[in-house]
Amino acid sequence: MRSPCGPNSTGEPRNRPADHVHNFLTRDGTPPAELYAAGRAEVARYGGHFEAGRVTSLSRDGERFRAEVNDRAVTARRVLVATGLHDELPDVPGLAERWGIDVLHCPYCHGWEVRDQRVGILATGPGAVHQALLFRQLTAHVTVLRHTAARFAAEQAGQLSALGIPVLDGLVAQVEASAARLTGVRLDDGTRVALDALIVAPRFVANADLLEPFGLAPEEVSAGGQVIATGIAAEPGGATSVPGIYVAGNVADPQAQVITSAAAGLMAGAAINIDLVAEDAQHAATATSAPSWPSA
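Below you will find a few notes about this structure.

Calculation criteria
- Residues numbered from 1 in each chain as written.
- Predicted model: local features only at pLDDT ≥ 70, side-chain atom pairs only at ≥ 80, totals over all residues.
- Heavy atoms only, no water.
- Helix = DSSP H or I, 4+ residues; strand = E, 2+ residues; numbered from the N terminus.
- Buried < 20%, exposed > 50% of the residue type's maximum accessible area, 1.4 Å probe, protein only.
- Contact = heavy atoms within 4.5 Å.
- Lys, Arg positive; Asp, Glu negative; His and termini not counted.
- Charge placed at Lys NZ, Arg CZ, Asp CG, Glu CD.
- 1 Å grid on protein atoms, 1.4 Å probe; cavity = no way out; pocket = protein on both sides within 12 Å on 5 of 7 lines; lining within 4 Å.
- Points joined across faces, edges and corners; volume = space filled by probe spheres on them.
- Nonpolar A, V, L, I, M, F, W, Y, C, P; charged D, E, K, R; others polar.
- Pairing = 2+ DSSP bridges.
- Axes fitted to C-alpha atoms, helices over the stretch in contact; angles between N-to-C directions.
- Right-handed = clockwise from strand over helix to strand, strands pointing away.

### Details of the overall build of the protein
No. 1: Along its length, the protein carries 5 helices and 17 strands.
No. 2: Seen through its C-alpha atoms, the protein measures out along the principal axes to roughly 95 × 40 × 35 Å.
No. 3: Counting over 296 residues, the protein shows a buried share of 38%.
No. 4: Long-range pairs, those at least 24 residues apart, make up 56% of the contacts in the protein between residues at least 6 apart in sequence.
No. 5: The distance from the centre of the 23 positive side-chain charges to the centre of the 32 negative ones in the protein is 3 Å.

What follows is the structure in structure tokens.
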């Protein structure tokens, strides 16, 4: 499971089923909570303050922004929203319980852990072929379960056949597992397919409710001919179309991994600082150039 940015301030992180962070150079294999705690400790050394809680509303308060959190208001000149996203999983009994453990979606996050194992691809759209080809690099034991996907184009079917990847028709009725691990799936005709991991294609939905009052609505993100996600549009530094509001991480980039989200936060922080410095300089120049009227 992709681990975007560790536990959030409410203790309900998107990546809570994942045991380790991957693809973060020098931190590979670190538990998400441990990485997050280390980051907080570093920020605290520079005078940063953290408050655990859920922001229930975000609004303008004159020239500042106002956030309601823990029954009190916090105001600021700029806002950086890093609320991430949530995964909408295929509706198959037993699937959600194994999500992030052995029901996975990203070969770059967990592919190494399932190398040489029996991997099933739950096809819900044309992107399933892409997933099958990626996981075929890691194991010769890949099976495509066509489930709700339309029949693949001749070129795609030919690629799967050439690589020895079978395609099984029929809906997946149940994901089966023992107390310790996934054991396979059962099709609607009763056929059981033994598997060690199941690859799915969730829909990544930006957690952007707080931005709705500002007219910032998530845009659809498509890949491989299907909508895979939503995200808030932003400039490279995180600035949105609303002055003063910035975004970073999965709320803006649904495919960002941990290290990518961390980099986005860094860039947004720098952009916010530059913005504030420019505003302070403008205010100072305006005050200096204001005419001084003699007293009566």
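### Observations concerning the layout of surface pockets
No. 1: Roughly 620 Å³ of internal volume is contained in the second largest pocket.
No. 2: Around the second largest pocket, the lining comprises 31 residues; the ones closest to its centre are G127, H130, Q131, A201 and I228.
No. 3: Those elements that provide at least two residues to the lining of the second largest pocket are helix 2 (107-110), helix 3 (127-136), strand 14 (203-206) and strand 16 (226-231).
No. 4: Per-element tally for the lining of the second largest pocket: the top contributor is helix 3, with 6 residues.
No. 5: In terms of residue class, the lining of the second largest pocket is made up of 18 nonpolar, 10 polar and 3 charged.

### What about the sheet that holds strand 11 (residues 182-187)?
No. 1: Pairing in this open sheet of 3 strands is antiparallel, and the strands run 10-11-12 from one edge to the other. Two strands close off the open sheet at either side, each with one partner strand: strand 10 (172-177) and strand 12 (192-194). Strand-to-strand twist of the sheet, defined as the mean angle between neighbouring strand axes without regard to direction, takes the value 25 degrees.
No. 2: Here 5 bridges tie strand 10 to strand 11, and the two strands are oriented antiparallel to one another. Residue Q174 lies in a different strand from strand 11, and its bridge partner there is R186.

### A word on the pairing of strand 8 (residues 142-145)
No. 1: Here strand 8 shows a buried face lined by V142 and V144 and a second buried face lined by T143 and L145.
No. 2: Relative to strand 8, strand 7 (residues 119-122) runs parallel, the two sharing 4 bridges. Bridged to L122 within strand 8 is L145.
No. 3: Between the parallel pair strand 7 and strand 8, the chain is carried across by helix 3, and the sense of this crossover is right-handed.
No. 4: Here 2 bridges tie strand 8 to strand 9 (residues 167-168), and the two strands are oriented parallel to one another. Across the sheet, residue L145 finds its bridge partner in strand 9, namely L168.
No. 5: The handedness of the strand 8 to strand 9 crossover, carried by helix 4 (residues 154-162), is right-handed.

Read these as layout, nothing more, since geometry by itself doesn't imply function.
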